[in-house]
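Residues per chain, in single letters:
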Amino acid sequence: MDCRPGCGACCIAPSISSPIPGMPQGKPAGVRCAQLLPDLRCALFGDPRRPPVCASLKPSPGMCAGSAEQALHGLLWLEQQTAP
């Protein structure tokens, strides 16, 4: 499965504890990543500075749902359920 164009849910919903260029303290859940481009693509895709957690995310029907809105809602719910 490929990423849905114009989505970006996986770059907004999850928290990221490792540093990201432009976000040295990581990224809180629900906050748009500094590397998310206006067209909702990752500026670090394929770049070695991309955090391993981001590179490990793979699009799937369960994660991406039926729409960008559903994906964001589902990933935010998952983030809340797995928060310490």
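Scroll up for the structure.
Below: a short report on this structure. (Residues numbered from 1 in each chain as written. Predicted model: local features only at pLDDT ≥ 70, side-chain atom pairs only at ≥ 80, totals over all residues. Heavy atoms only, no water.)

A few words on the overall build of the protein chain. Broken down by element type, the protein chain carries three helices and zero strands. Element order for the protein chain, N to C, with α for helix and β for strand: α-α-α. In summary, the protein chain has a C-alpha radius of gyration of 12 Å against a globular reference of 12 Å for 84 residues, a match within 12%. Dimensions of the protein chain, computed from C-alpha atoms along their principal axes, come out at roughly 30 × 30 × 20 Å. Of the contacts formed within the protein chain by residues at least 6 apart in sequence, a portion of 46% connects residues at least 24 apart. Element-wise, carbon and sulfur atoms account for 61% of the exposed surface of the protein chain, whose accessible area totals about 5400 Å². (Helix = DSSP H or I, 4+ residues; strand = E, 2+ residues; numbered from the N terminus. Rg over C-alpha atoms; globule rule 2.2 N^0.38 Å. Contact = heavy atoms within 4.5 Å. Areas by Shrake-Rupley, 256 points an atom, 1.4 Å probe, with all protein chains shown as cover.)

Taking 1.5 Å of rise per residue, 15 residues should cover 21 Å, and helix H3 (residues 68-82) covers 21 Å from first to last C-alpha, within 8% of that figure. Those residues of H3 that sit buried are Ala71, Leu75 and Glu79. One side of H3 holds all its buried residues, which, seen down the axis, span an arc of 70°. Turned more than 90 degrees away from the buried face of H3 sit Glu69, His73 and Gln80, all of them exposed. (Expected span 1.5 Å × (residues − 1). Buried < 20%, exposed > 50% of the residue type's maximum accessible area, 1.4 Å probe, protein only. Arc of directions from axis to C-beta.)

Cys11, Ile12, Ile16, Ile20, Met23, Cys33, Leu36, Leu44 and Cys54 form the largest nonpolar core, which has nine residues in total. Setting aside residues up to four positions removed in sequence, Ile16 forms contacts with Gly26, Lys27, Val53 and Cys54. Judged by nonpolar contacts, the second largest core, of seven residues, contains Cys7, Ala9, Cys64 and Leu75. (Core = buried A, V, L, I, M, F, W, Y, C linked by side-chain atoms within 4.5 Å.)

Any functional reading would require information that these geometric values do not contain.
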